[in-house]
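Listed below are the residues making up each chain.
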Amino acid sequence: MKKALLPFVLLYFAFSLAFSQEKPLRILMIGAHPDDCDIKGGGTAALFAKMGHEVKFLSITNGDAGHMEMGGGMLAKRRYAETQEVAKRLGIQYDVLDNHDGELLPSLEIRLDVIRKIREWGADVVISHRPNDYHPDHRYTGVLVQDAAFMVGVPNIAADTPPLRKNPVFLYYQDNFQKPNPFSPDIVIDITSVIDQKIYALDAHTSQFYEWLPWIGNETDVIPEEKEERIAWLKSKRALAPNPSVQKALEEWYGKEKAAQVKFAEAFEICEYGTRPTREDILRLFPMLK
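Draft legend 1. Main features of the pairing of strand β7 (residues 265-270). By the criterion of burial, β7 is predominantly enclosed, with five of the six residues buried. Two elements, strand β5 (residues 169-173) and β7, share three bridges in a ladder whose sense is antiparallel. Within the sheet, the bridge partner assigned to Y172 lies in β7 and is E269.

Below is the structure:
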């Protein structure tokens, strides 16, 4: 009799386990251009995706000015295709809004688009630029996301899209700008295990990392021709060791011994305009920290 009941007992526990699992987290990373999210959060996105959570990258502009030889609709189409290849390589989704590169302003129209995108995704966490940055598109993307932070829960704003019942946690990407205030690494993620996947995703942006950025940086003579050599070169440029402030924050999250083994990390600062997370909230929203 006991043996006959065993399959039913196992089935019961299987169903119980399935229904006891929390639903996947939904992470929205917003960048000004079709490679910003990848640079600032590609490793964290890869970790989320590997854990079964849902990640979307959103570019506020279409990148149609970021090249020295081509531009306009042709470049926008090329860069969109690059984002879709990134999505495959990271296991995420990638959306691009049709706003001109280099001409972004924090208008009401675009703010409403951002509000809709956050609501449609049902975001638990939203990550974007700080509003102090060298590039006006980065600055204004930061402003747009900040301005959307409270409004995502207001039913009469962008009323064609249902409001969120809970404000997401809003975060900023890491940057090196010191004025008016320096970046604060409140949350730091060890991405050492996925650094090669992140670099492989960046490699999909051929128009940027092997053409435009080397050209504007006067480095065109150092770009390797072979694929593997290119990726190795890209890793040498884009996979940097944590700076002292990030290293200190790593110790707070991982402990001193484990933090000392971290070769690559991505850091984020908490924005005061969204839900202000407790340490327990952060551990829930970034389960890789556990």
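Still more ground to cover, so stick around.
Draft legend 2. The pattern of salt bridges, seen in detail. By the definition in use, this model includes 15 salt bridges. In this structure, R116 and D160 form a salt bridge, with 3.0 Å as the shortest nitrogen-oxygen distance. Of this pair, R116 sits in helix α4 (residues 108-121) while D160 sits in the loop between α5 (136-151) and β5, and the two are 44 residues apart along the sequence. Salt bridges sharing common partners tie together E85, R89, D203 and K227.

Draft legend 3. Region of the structure containing the sheet that holds strand β2 (residues 54-59). Reading across from one edge, β3-β2-β1-β4-β5-β7-β6 is the order of the seven strands in this open sheet, with mixed pairing throughout. Across the chains shown, the open sheet's two edge strands, defined by having one partner strand only, are β3 (93-96) and β6 (187-190). Averaged over all pairs of adjacent strands, the angle between their axes in this sheet comes to 25°, without regard to strand direction. Inspection of the sheet shows strand β4 (residues 125-128) paired to β5 by four bridges, in the parallel sense. The partner of V126 across the bridge, within β5, is F170. Sheet strands touched by helix α2 (residues 36-50): β1 (26-31), β2, β3, β5, β6 and β7. Its angle to β2, the strand with the most contacts, is close to 170°. Against the sheet, helix α3 (residues 72-90) engages β2 and β3, with an angle of about 160° to β3.

Draft legend 4. Representation of the layout of surface pockets in the model. Within this model, the largest pocket holds a volume of roughly 1,200 Å³. I39, K40, N176, K237 and R238 are the residues nearest the centre of the largest pocket, which is lined by 43 residues in total. For the lining of the largest pocket, the secondary-structure elements that each account for two or more residues are α2, α6 (195-203), α7 (206-216), α8 (227-238) and β7. Element by element, the count of residues in the lining of the largest pocket is highest for α7, at six residues. Residues that form the lining of the largest pocket fall into these classes: 21 nonpolar, 10 polar and 12 charged. In this model, the second largest pocket occupies a volume close to 430 Å³. In terms of lining, the second largest pocket is formed by 20 residues, of which the most central are K23, G122, A123, D124 and K166. Ranked by the residues each element gives to the lining of the second largest pocket, the list is headed by helix α11 (residues 279-285), at three residues.

So, how was this worked out
Residues numbered from 1 in each chain as written. Predicted model: local features only at pLDDT ≥ 70, side-chain atom pairs only at ≥ 80, totals over all residues. Heavy atoms only, no water. Buried < 20%, exposed > 50% of the residue type's maximum accessible area, 1.4 Å probe, protein only. Helix = DSSP H or I, 4+ residues; strand = E, 2+ residues; numbered from the N terminus. Pairing = 2+ DSSP bridges. Salt bridge = Lys/Arg side-chain N within 4 Å of Asp/Glu carboxyl O. Axes fitted to C-alpha atoms, helices over the stretch in contact; angles between N-to-C directions. Contact = heavy atoms within 4.5 Å. 1 Å grid on protein atoms, 1.4 Å probe; cavity = no way out; pocket = protein on both sides within 12 Å on 5 of 7 lines; lining within 4 Å. Points joined across faces, edges and corners; volume = space filled by probe spheres on them. Nonpolar A, V, L, I, M, F, W, Y, C, P; charged D, E, K, R; others polar.

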